[in-house]
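# Coordinates in review
The residues making up each chain are set out below.
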Amino acid sequence: MSAYFPSKRTTLALVVGSVLSTTSQANTQINVTPSQMVQGGNGLIQTPTARMREQGGMAINYTDNGEYRFWSVNIQLYDWMEATARYTDVRTQLYSQVESFSGDQTLKDKGLDVKFRLWKESYYLPDISVGFRDFGGTGFFESEYINASKSVGPFDFHLGLGWGYLGTADDITNPFCELRDSFCERPGGFSGRGGKVDYDQFFKGTASFFGGIEYQTPWEPLTLKLEFEGNDYSEDRAGELEQDSRWNIGAVYRYKDVDFSFNYQRGNTIGFGLTYRFNMNTASQLKFDKEPRSLMARRPPKKIEDVNKSALYNDMFRDAGFVLSDAELTENEATFYGTQVSYRDQDEAIERIGRVAASELPDTVKTYHIVDNRGGQPMVDTQVDAEAFIAAARYESVDADIKQTYIRTEPSQEVLDAYEPENTKGMFYSADFFFTQSFGNPEAFYLYQTGFLLGGGYAFDEKLSLRGSARVTVLDNFDKFNYLVDNEEVSLPRVRTRVREYVSENDVWLDTAILHYKDQVAENIFGQVYAGYLETMFAGVGGEIMYREVDSNIAYGVDVNYVKQRDPLKQMALEDYDAITGHASVYWKPEFLDDTQITVSAGQFLAKDKGVNIDYAKRFDSGIIVGAFAAFTDVSSEEYGEGSFTKGFYISIPTDLFLLQPSKGRGFFPWVPISRDGGQMLQRPARLINQTEIRAPFYD
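Presented here is a report on the structure given in the accompanying data block.

The rules behind the values
- Residues numbered from 1 in each chain as written.
- Predicted model: local features only at pLDDT ≥ 70, side-chain atom pairs only at ≥ 80, totals over all residues.
- Heavy atoms only, no water.
- Helix = DSSP H or I, 4+ residues; strand = E, 2+ residues; numbered from the N terminus.
- Contact = heavy atoms within 4.5 Å.
- Areas by Shrake-Rupley, 256 points an atom, 1.4 Å probe, with all protein chains shown as cover.
- Core = buried A, V, L, I, M, F, W, Y, C linked by side-chain atoms within 4.5 Å.
- Buried < 20%, exposed > 50% of the residue type's maximum accessible area, 1.4 Å probe, protein only.
- Pairing = 2+ DSSP bridges.
- Axes fitted to C-alpha atoms, helices over the stretch in contact; angles between N-to-C directions.
- 1 Å grid on protein atoms, 1.4 Å probe; cavity = no way out; pocket = protein on both sides within 12 Å on 5 of 7 lines; lining within 4 Å.
- Points joined across faces, edges and corners; volume = space filled by probe spheres on them.
- Nonpolar A, V, L, I, M, F, W, Y, C, P; charged D, E, K, R; others polar.
- Arc of directions from axis to C-beta.
- Phe/Tyr/Trp six-rings, centres within 6.5 Å; stacked < 30°, edge-to-face > 60°.
- Lys NZ or Arg CZ within 6 Å of the ring centre and 35° of its normal.
- Salt bridge = Lys/Arg side-chain N within 4 Å of Asp/Glu carboxyl O.
- Disulfide = S-S within 2.5 Å.
- Expected span 1.5 Å × (residues − 1).

## With respect to the overall build of the protein
When its secondary structure is counted, the protein shows nine helices and 30 strands. In the protein, the share of contacts with a sequence separation of at least 24, taken over all contacts with a separation of at least 6, comes to 58%. Just so you have it, the protein exposes about 33200 Å², and 57% of that area is on carbon and sulfur atoms.

Here it is in structure tokens:
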């Protein structure tokens, strides 16, 4: 019997063939889906990865990790950017060094992380991202990092270089130190007041490698993780922690929209976590709604005189959610003035209205004018080419597109002059649910107030009205807010920190009671004036003017107000403190950021500090909007107090995501980390950016 010994060339061919076969098999397996790390954000266990999820992805997390507990919310704002807001509970520390002040409350810390993708993974190259952890907090976990991620079948490989908290192991010379000596040392310690971005620390000090591997097991719900840390836990806020190993292991079990995580860290600590995931782009609700009216069997009247106006006007509401306030029908044109109350999607709303008009108006009518009103004022004229619309609605061409049959324009003077609404006088009323909250206060970690906002008034015509609202508190815990410095010297007037007095002492409070006048001053220019009790804490007089073109990405406004502080113990009385407050504002929807609105308002705030407030809002396909704001003024962080400057977050959710019928309402949920007196804006009872929203829809 003779033995067979393959040649080197044959051996190489067998190896290459085996690898290609293995890779081919691996590529048929399920790739690793990104999951949340302990502190929130796409990552392994303690370290981030370069991975991004689908735009609109949101993950709400809780993790328990020895000395720490973490609550975090991670949002994929764009496919190249994620943001994480986090609260940390340090079990081993009290809230402050003063035991009588802390009580039994442990130390709480808030942090914000962001990560940007620099390069998207290709066949040969990995995802590459740069990130900043805890960049706007007290510096508990402050880090910067650059990392890369590459998938190979069911494996996902990660390698990163970290500074700050992620680089305390100091196992590589900081590469930036070679460029400039100032990068060799990193200012230490924790910034007690928080809220400031420590640019002077970025990429400074010691650096370390970190990384690991994720493995998607053949059992689809289970992913395994192996991680090598860059942190040696020598500078933790919880105290120096024992680390027996820089290797961590973990597992993630995924059940529908929930992830359960379990891990073993530092060679001595067990951790676990829970994550709820959903996508704000794809969120939707099944609707029980009639189909848009069909025009396939259309039999219109021959002449305009034959139109059943009563049926037409009623069908506008029943089939299209359009509440008419006036209508003008001629042989060649039909103009409908009204307000859309059902359909958020502008194109769907116009199509439904157009189908009703096309089915009940004669062919002699060549143009439909659909004039959207807000507050009784015509704002936008959507001009529909009737013949083209009917052809598209009847699918007479394979490339027919209803959206190409109409344009949105400024209402002409002729359209404005023809507007003669009926029943502009009379009473009106409303009822809304309200919810306000604040996290991280030393007095109580979570403060809230919830109840009903009852509104009403009398309209003298479409421009002048008397209106008001009352806040009925059902539940609150602001009695715990003991920011009591009434008899002490304070740096700023207490324009907001007296909230406990307004809330806890008054279950029913007259929020607003104003005389309000609004009008369109000129083409694209709108104005308003108001006087009375303007908000919960202030009364006064004010006015605003705004320039806003139809479907423009930019608008401008200026408001000026003279206010006096209201007495929290006497609803109708005023106190001595007064101020002039107002801002020049720019509202911008940048073309390079999809579905984004940035508002910059510069001026004087309630405490007479001067500066700028910046508001960022991102809208997802479902209509959900997430936003953040921050005010930077001439008040120093020491004068401001804990938090260093005013900031907050919010989410606005369309009510039709919860209803079975179309609806245009919204729920607004704010999140203010700590509320102090600097950078506080007047909560004006009416804002022209809202009243003119239909001209360039973002929230609508």
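## Details of the nonpolar core
Core analysis: the largest hydrophobic core is formed by 28 residues, its most contacted members being Leu 312, Leu 329, Phe 336, Leu 361 and Tyr 368. For this core, the secondary-structure elements that each account for two or more residues are helix H3 (309–320), strand S13 (322–329), strand S14 (333–340), helix H4 (346–360), strand S15 (367–374) and helix H5 (386–393). Beyond its immediate stretch of four places on either side in the chain, Leu 312 contacts Val 307, Leu 329, Phe 336, Val 356, Ala 357, Glu 360 and Leu 361. With 23 residues, the next largest nonpolar core counts Ile 75, Tyr 78, Phe 202 and Ile 651 among its residues.

## Observations concerning the sheet that holds S13
If you trace the five strands from one edge of the open sheet to the other, you get S13-S14-S15-S16-S17, paired in mixed fashion. Here the strands that pair on one side only, and so sit at the sheet edges, are S13 and strand S17 (406–409). Ignoring which end each strand starts from, the neighbouring axes of this sheet average 20° apart. Here strand S16 (residues 377–385) runs beside S17; their pairing, made up of four bridges, is antiparallel. When the sheet's bridge partners are listed, Gln 383 is paired in S17 with Ile 407. Strands in contact with H3 are S13 and S14; relative to S13, the strand with the most contacts, it is inclined by about 145°. Contacting S13, S14, S15, S16 and S17, H4 crosses the sheet at an angle of about 130° to S15.

## Thoughts on empty space enclosed by the protein
In the structure shown here, the tally under the stated rule is six cavities of 30 Å³ or more. One number sums up the size of the largest cavity: a volume of about 120 Å³. Every residue lining the largest cavity is counted, 16 residues in all, and those nearest its centre are Gln 36, Leu 44, Lys 225, Ser 261 and Asn 263. Put simply, the parts of the chain that give the lining of the largest cavity at least two residues each are strand S10 (247–255), strand S11 (258–265) and strand S12 (269–279). Classifying every residue of the lining of the largest cavity gives eight nonpolar, seven polar and one charged.

## Overview of H5
Buried residues of H5: Ala 386, Phe 389, Ile 390, Ala 392 and Ala 393, and no others. Considered in projection along H5, the buried side chains sweep an arc of 165° and stay on one side of the axis. Check the buried side of H5 and you find it contacts H4, S15 and S16. Backbone geometry just after H5 places Tyr 395 at a positive phi near 55°.

## Describing the side chain of Ser 622
If you trace the backbone, Ser 622 turns up in the loop between strand S27 (610–619) and strand S28 (625–633). Given the relative accessible area of 4%, Ser 622 is considered buried. Among residues more than four places away in sequence, those in contact with Ser 622 are Met 280, Asn 281, Ala 283, Arg 344, Pro 654 and Leu 657.

## Some points on the packing of aromatic side chains
Within a pair of aromatic rings, the relevant descriptors are the distance that separates the centres and the angle that separates the planes. Within this structure, the stated rule accounts for 31 aromatic pairs. Both rings, one in Trp 80 and one in Phe 116, keep their centres 6.4 Å apart while their planes meet at 25°; by these two values the pair is stacked. Placement of Trp 80 in the loop between strand S2 (68–78) and strand S3 (81–94) and of Phe 116 in strand S4 (residues 106–119) is noted, with a sequence separation of 36 residues between them. One aromatic cluster is present, formed by Tyr 68, Phe 70, Phe 140, Phe 141, Tyr 165 and Tyr 233 through successive ring pairs. Above the ring of Phe 183, the side-chain terminus of Lys 204 is found at 5.9 Å from the ring centroid.

## Here we look at the pattern of salt bridges
A full pass over the atoms with the stated rule returns 38 salt bridges. A salt bridge links Asp 259 to Arg 254; the nearest nitrogen and oxygen atoms lie 2.7 Å apart. Counted as one network, the salt bridges with shared partners bring together Lys 290, Arg 293, Asp 315, Arg 318, Asp 319 and Glu 360.

## Concerning the state of the cysteines
Under the defined criterion, the tally for this structure stands at one disulfide. Each disulfide pairs two cysteine sulfurs, and for Cys 177 the partner residue is Cys 184, the sulfurs being separated by 1.7 Å. The chirality of the disulfide connecting Cys 177 with Cys 184 is right-handed, given an S-S dihedral of about 80°. You can call Cys 177 buried: its relative accessible area is 17%. A residue is classified by how much of its surface remains accessible, and Cys 184, at 27% relative accessible area, is partly exposed.

## Notes on the pairing of S16
In terms of burial, S16 is largely enclosed, as seven of its nine residues are buried. Taken together, the eight bridges between S15 and S16 define a ladder with antiparallel strand orientation. Bridge assignment links Thr 367 to a residue of S16, and that residue is Asp 385. Hairpin geometry of S15 and S16 is characterised by an intervening segment of two residues between the two adjacent antiparallel strands and by a positive phi of about 60° at Gly 375.

## Describing H4
When the terminal C-alpha atoms of H4 are compared, their 22 Å separation across 15 residues agrees well with the 21 Å that a helix rising 1.5 Å per residue should span. By the criterion of burial, H4 is predominantly enclosed, with 12 of the 15 residues buried. Taken together, the buried positions of H4 are occupied by Gln 346, Ala 349, Ile 350, Arg 352, Ile 353, Gly 354, Arg 355, Val 356, Ala 357, Ala 358, Ser 359 and Glu 360.

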